[in-house]
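These are the residues of each chain, in order.
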Amino acid sequence: MLEGELAAPAVSLAEAQAYVRAETGEEEALLAGLVRTASAMCEQFTGQVILAREFAETLRATGEWQRLSLTPVRSIDQVELIGGDGSVTTLASGTYAVDIDSAGDGWIRLIAGYGAMRVRVTGTAGLSAQPSDVPEPLRQGIIRLTAHLFNGRDGGGGDPPAAVTALWRPYRRMRIA
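Residue indices follow the written sequence of each chain, beginning from 1 at its first position. The predicted origin of the model limits local features to residues at a pLDDT of at least 70 and limits the giving and counting of side-chain atom pairs to 80 or more, whereas totals for whole chains, interfaces and linings rest on all residues. As a rule here, side-chain values come from all non-hydrogen atoms in the structure, and water together with hydrogens is ignored.

Engineer: When you look at the pairing of strand β6 (residues 96-100) in this model, what are you seeing that I'm missing?
Structural biologist: Strand residues, when the strand is regular, have side chains that alternate between the two faces of the sheet. Two strands make a pair as long as DSSP finds a minimum of two bridges between them. The secondary structure listing takes helices from DSSP runs of H or I that are at least 4 residues long and strands from runs of E that are at least 2 residues long, numbered from the N terminus. Here 5 bridges tie β6 to strand β7 (residues 106-110), and the two strands are oriented antiparallel to one another. For Ala-97, the partnering residue across the bridge sits in β7 and is Arg-109. Following β6, the chain reverses through 5 residues before pairing antiparallel with β7; Gly-104 in that reversal takes a positive phi of roughly 90 degrees.

Engineer: Would you mind going over the packing of aromatic side chains with me for this structure?
Structural biologist: Aromatic ring pairs are reported here in terms of the distance separating the ring centres and the angle at which the planes meet. Paired rings are identified among Phe, Tyr and Trp, the last through its six-membered ring, by centres lying within 6.5 Å, and are further divided according to the angle between planes into stacked (under 30 degrees), edge-to-face (over 60) and tilted (the rest). The tally for this structure, following the rule as stated, stands at 1 aromatic pair. Throughout this description, the term charge over a ring refers to an Arg CZ or Lys NZ atom that lies within 6 Å of the ring centre and within 35 degrees of the ring normal. We note Arg-172 situated over the ring of Phe-45; from NZ or CZ to the ring centre the distance is 4.0 Å.

Engineer: Teacher, can you tell me more about helix α3 (residues 136-151) here?
Structural biologist: Residue pairs three or four apart in sequence face the same way in an α-helix, which turns once every 3.6 residues. Here α3 contains 16 residues, and its C-alpha end-to-end distance of 22 Å stays within 8% of the 22 Å for a straight helix at 1.5 Å per residue. Among all positions in α3, only Leu-138, Arg-139, Gly-141, Ile-142, Ile-143, Leu-145, Thr-146, Ala-147, Leu-149 and Phe-150 are buried. In what follows, a contact means two residues having at least one pair of non-hydrogen atoms within 4.5 Å. Contacts from the buried residues of α3 go to α1 (13-20), α2 (28-46) and α4 (162-168). Expected span of a helix, by definition, is 1.5 Å for each gap between consecutive residues, and there is one gap fewer than residues. The rule is simple: take the accessible area with a 1.4 Å probe, protein chains only, and divide by the maximum for that residue type; under 20% is buried, over 50% is exposed, in between is partly exposed.

Engineer: Just checking my understanding: could you explain the nonpolar core for this structure?
Structural biologist: Note that soluble globular proteins tend to have their nonpolar side chains buried in a common cluster. Counting residues in each nonpolar core, the largest one holds 23 residues, and the members touching the most others are Ile-142 and Trp-168. Every element with two or more residues in this core is listed here: α1, α2, α3 and α4. Considering each element in turn, this core owes the most residues, 7 residues, to α3. Excluding residues that lie within four positions of it along the chain, Trp-168 makes contacts with Ala-38, Met-41, Cys-42, Phe-45, Thr-46, Pro-137, Leu-138, Gly-141, Ile-142 and Leu-145. Val-49, Val-73, Leu-81 and Ala-125 belong to the second-largest nonpolar core, a separate cluster that totals 16 residues. Grouping buried Ala, Val, Leu, Ile, Met, Phe, Trp, Tyr and Cys residues that are joined through side-chain atoms within 4.5 Å yields what is termed a nonpolar core.

Engineer: Help me understand the packing of α1 against α2 in this model?
Structural biologist: Packed helix pairs are specified by the crossing angle of their axes together with the interaxial distance, meaning the distance between the axes. Interhelical geometry of α1 versus α2 gives an angle of 105 degrees and a closest axis separation of 10 Å. Here α1 lies roughly perpendicular to α2, going by the angle between them. Mapping the contact onto sequence places Leu-13, Ala-16, Gln-17 and Val-20 in α1 and Glu-28, Leu-31, Ala-32 and Val-35 in α2. For this scheme, ten residues count as nonpolar: Ala, Val, Leu, Ile, Met, Phe, Trp, Tyr, Cys and Pro. Four count as charged, namely Asp, Glu, Lys and Arg, and the remainder, Gly too, count as polar. Residues of the contact of α1 with α2, tallied by class, amount to 6 nonpolar, 1 polar and 1 charged. Here an axis means a line fitted to C-alpha atoms, over the contact stretch when the element is a helix, while the angle between two N-to-C directions is reported on a 0 to 180 degree scale. Throughout this description, any angle smaller than 35 degrees is read as roughly parallel, any larger than 145 degrees as roughly antiparallel, any in the 65 to 115 degree range as roughly perpendicular, and the remainder as oblique.

Engineer: Whenever I open this one, the pattern of salt bridges confuses me. Can you help?
Structural biologist: Two side chains bearing opposite charge may form a pair once their charged atoms approach each other closely. Each reported salt bridge corresponds to a side-chain nitrogen of Lys or Arg within 4 Å of a carboxyl oxygen of Asp or Glu. Applying the stated criterion to the full structure yields 6 salt bridges. For Glu-80, the salt bridge goes to Arg-120, with nearest N and O atoms at 2.9 Å. Placement of Glu-80 in strand β4 (residues 73-82) and of Arg-120 in strand β8 (residues 118-125) is noted, with a sequence separation of 40 residues between them. We classify Glu-80 as buried; its relative accessible area is 12%. When the shortest N-O distance is used, the salt bridge between Arg-173 and Asp-105 registers 3.1 Å. Taken together, the residues span a long stretch of sequence, with Arg-173 in the segment after α4 and Asp-105 in the loop between β6 and β7 at a distance of 68 residues. What makes Asp-105 buried here is its relative accessible area of 5%. Connected through shared salt-bridge partners, Glu-15, Glu-136 and Arg-139 make up one network.

Engineer: It is not clear to me how the sheet that holds β7 should be interpreted in this structure. Could you clarify?
Structural biologist: What holds strands together in a sheet is hydrogen bonding between their backbones, with the strands either parallel or antiparallel. Spatially, 3 strands are ordered β3-β7-β6 in an open sheet, and the strand pairing comes out antiparallel. The open sheet has two free edges, formed respectively by β3 (66-67) and β6, since each of these has just one partner strand. Two elements, β3 and β7, share 2 bridges in a ladder whose sense is antiparallel. Of the residues in β7, the one forming a bridge with Gln-66 is Ile-108.

Engineer: Even after reading the chapter, I still don't get the pairing of β8, so can you show me in this structure?
Structural biologist: Of all 8 residues that make up β8, 7 are buried, and the element is covered over most of its length. Of the strand pairs in this sheet, strand β2 (residues 53-60) and β8 are connected by 8 bridges, and their pairing is antiparallel. The partner of Arg-60 across the bridge, within β8, is Arg-118. Where β4 meets β8, 8 bridges bridge the pair, whose relative direction is antiparallel. When the bridges of β8 are listed, Leu-81 appears paired with Val-119.

Honestly, it's all geometry; don't read function into it.
And the structure:
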């Protein structure tokens, strides 16, 4: 189970307004929402967190390696044991092992057996630390998708246009379960 924020906008409202040639005022709130939606759709399509943000993920408490669902993982900061009664205990660093592989996948396993049923892992995941660090093809795809959603807001939005997915495809990460 994953806890955390939704995708942060990877482009500014001003950039989106300039691209769609929208005046400030009434359409700002709509456009801001569409930028967030387009950013979330980019993350969903690519399978990667675009802008770094904190996460908390709850997994089974086991001695087997388990992969975290968000990628790329920048850091694994804390591991907590969740007891059957809901009690939470922060684990000492020698009682679990973590790894962040070259693909950015985060992995965890418990070293010692515990009577808990779950473990909560917190950390940070994201491709870029700042919006200005997001690769330009991802940013351009988000701006284009925002414009597509803005222009089709009366029912013509739908799936991302081919030009957007072409910009995003080189960054796509797919997992085989």
